[in-house]
Amino acid sequence: GQQVMQIPQYQHVQEGEDFTTYCNSSTTLSNIQWYKQRPGGHPVFLIQLVKSGEVKKQKRLTFQFGEAKKNSSLHITATQTTDVGTYFCAGNTDKLIFGTGTRLQVFP
Amino acid sequence: DSGVTQTPKHLITATGQRVTLRCSPRSGDLSVYWYQQSLDQGLQFLIQYYNGEERAKGNILERFSAQQFPDLHSELNLSSLELGDSALYFCASSAGGTTNEQFFGPGTRLTVL
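Only a predicted model underlies this, so the values are computations on that prediction, with no experimental measurement involved.

Focus: the interface of chain A and chain B
- Taken together, the contact between chain A and chain B spans 17 residues of the former and 19 residues of the latter.
- Summing both partners gives a buried area of about 1,400 Å² for chain A against chain B, and 53% of it is carried by carbon and sulfur.
- Its largest share of buried area at the contact with chain B, chain A owes to His42, Lys95 and Phe98 of chain A, together 31% of the area lost on that side.
- Linking chain A with chain B are 0 salt bridges, by the criterion used here.
- Of all the elements in the fold, those that place two or more residues in the side of chain A that touches chain B are β4 (31-37), β5 (44-49), β9 (85-92) and β10 (96-98) of chain A.
- In terms of residue class, the side of chain A that touches chain B is built from 6 nonpolar, 8 polar and 3 charged.

What follows is the structure, given as structure tokens:
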């Protein structure tokens, strides 16, 4: 069946450092969504990418969708303690399959 | 606040029992999704309903069933509970299908003893 993997599983960074999480799907996706889940909270939608090679920015966050529409990345520039949480990609074919998530810890 | 409500917030029960989790979607949303999140695990898609009809199925066990009612609220029934069913169960809703962003409820934490 369709699988969506993310690496790394965990990332600890010093505040101000950059962070990147990578998402890979076993199948070609129609689109990909990204969600953030704060500790003890529920997933919150961040963005959706639809086009091959698409790049979108939200302040310090940059999202990319691969040319083959099978991979994606999220890059955070100059992390802050408010960035702490687990970041999930979710690949869409006929259903939305969530990736394994990357847990980000930011040390002040 | 996402606008999606889930009850109860916490549920503690014993093995072999049956429980029902309830979800009310955001006003106007036709799709409801159920997910299971075990400790330190990702989100496992269970099932999706759209306007009362089952739309997609994920890794939902035969002991689990769900339905969406005419008022669009949904219930997830878990029976013959096992220790491994202990998890956080999220409901999410969206306006249409999976191409729309999903709004998650606060979750129901199920503990099976």
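A few points about the pattern of salt bridges
- Applying the stated criterion to the full structure yields 5 salt bridges over all chains.
- Here Lys56 of chain A makes a salt bridge to Glu54 of chain A, at a shortest N to O gap of 3.8 Å.
- Its relative accessible area of 30% is what places Lys56 of chain A among the partly exposed residues.
- Its salt-bridge partner being Glu82 of chain B, residue Arg63 of chain B comes within 3.7 Å of it at the nearest N-O pair. A residue pair is termed long-range when its members are at least 10 positions apart, and Arg63 of chain B in the loop between β6 (53-57) and β7 (64-68) and Glu82 of chain B in the loop between β8 (74-78) and β9 (87-94) qualify at 19 residues.
- Judged by relative accessible area, which is 43%, Glu82 of chain B ranks as partly exposed.
- Here the salt bridges do not stand alone but share partners, grouping Arg63, Glu82 and Asp85 of chain B into one network.

Examining the packing of aromatic side chains
- One pass over the structure, following the stated rule, counts 12 aromatic pairs over all chains.
- Both rings, one in Tyr35 of chain B and one in Phe104 of chain B, keep their centres 5.4 Å apart while their planes meet at 35°; by these two values the pair is tilted. One end of the pair, Tyr35 of chain B, is in strand β4 (residues 31-37); the other, Phe104 of chain B, is in strand β10 (residues 103-104), with 69 residues separating them in the sequence. For the pair Tyr35 of chain B and Phe104 of chain B, one class covers both residues: buried.
- By way of ring pairs, the aromatic residues Tyr35, Phe45, Phe88 and Phe98 of chain A together with Tyr35, Phe45, Phe90 and Phe104 of chain B are connected into one cluster.

What about the sheet that holds strand β8 (residues 71-76) of chain A?
Residues and elements named next belong to chain A.
- Across the sheet, 5 strands lie side by side as β1-β3-β8-β7-β6; this open sheet has antiparallel pairing. Each edge of the sheet is formed by a strand with only one pairing partner; in this case those strands are β1 (4-7) and β6 (55-58). Across the sheet, the mean angle from the axis of one strand to that of its neighbour is 15°, orientation sign disregarded.
- With 4 bridges joining them, β6 and strand β7 (residues 61-65) adopt antiparallel strand pairing. Each residue of the ladder has a partner; that of Val55, found in β7, is Gln64.

A few points about the side chain of Asp29 of chain B
All names here are of chain B.
- Turning to its location among the elements, Asp29 is positioned in the loop between β3 (19-24) and β4.
- A distance of 2.7 Å separates a polar atom in the side chain of Asp29 from a polar atom in the side chain of Ser93.
- Those residues in contact with Asp29 that sit more than four places away from it in its chain are Leu72, Ser93, Ser94, Ala95 and Phe103.

Side note on the state of the cysteines
All names here are of chain A.
- Summed over the entire model, instances satisfying the criterion amount to 2 disulfides over all chains.
- Each sulfur of the disulfide joining Cys23 and Cys89 lies 2.0 Å from the other. With the S-S dihedral at roughly 75°, the linkage between Cys23 and Cys89 falls on the right-handed side. With a gap of 66 residues between them, Cys23 in strand β3 (residues 19-25) and Cys89 in strand β9 connect regions that are remote in the sequence.

Thresholds applied
- Residues numbered from 1 in each chain as written.
- Chains lettered and ligands numbered in written order.
- Predicted model: local features only at pLDDT ≥ 70, side-chain atom pairs only at ≥ 80, totals over all residues.
- Heavy atoms only, no water.
- Contact = heavy atoms within 4.5 Å.
- Buried area = accessible area lost by both parts, 1.4 Å probe.
- Salt bridge = Lys/Arg side-chain N within 4 Å of Asp/Glu carboxyl O.
- Helix = DSSP H or I, 4+ residues; strand = E, 2+ residues; numbered from the N terminus.
- Nonpolar A, V, L, I, M, F, W, Y, C, P; charged D, E, K, R; others polar.
- Buried < 20%, exposed > 50% of the residue type's maximum accessible area, 1.4 Å probe, protein only.
- Phe/Tyr/Trp six-rings, centres within 6.5 Å; stacked < 30°, edge-to-face > 60°.
- Pairing = 2+ DSSP bridges.
- Axes fitted to C-alpha atoms, helices over the stretch in contact; angles between N-to-C directions.
- Polar contact = N/O pair within 3.5 Å; in protein donor to acceptor, adjacent residues only side chain to side chain.
- Disulfide = S-S within 2.5 Å.

Read these as geometric descriptors, not functional statements.
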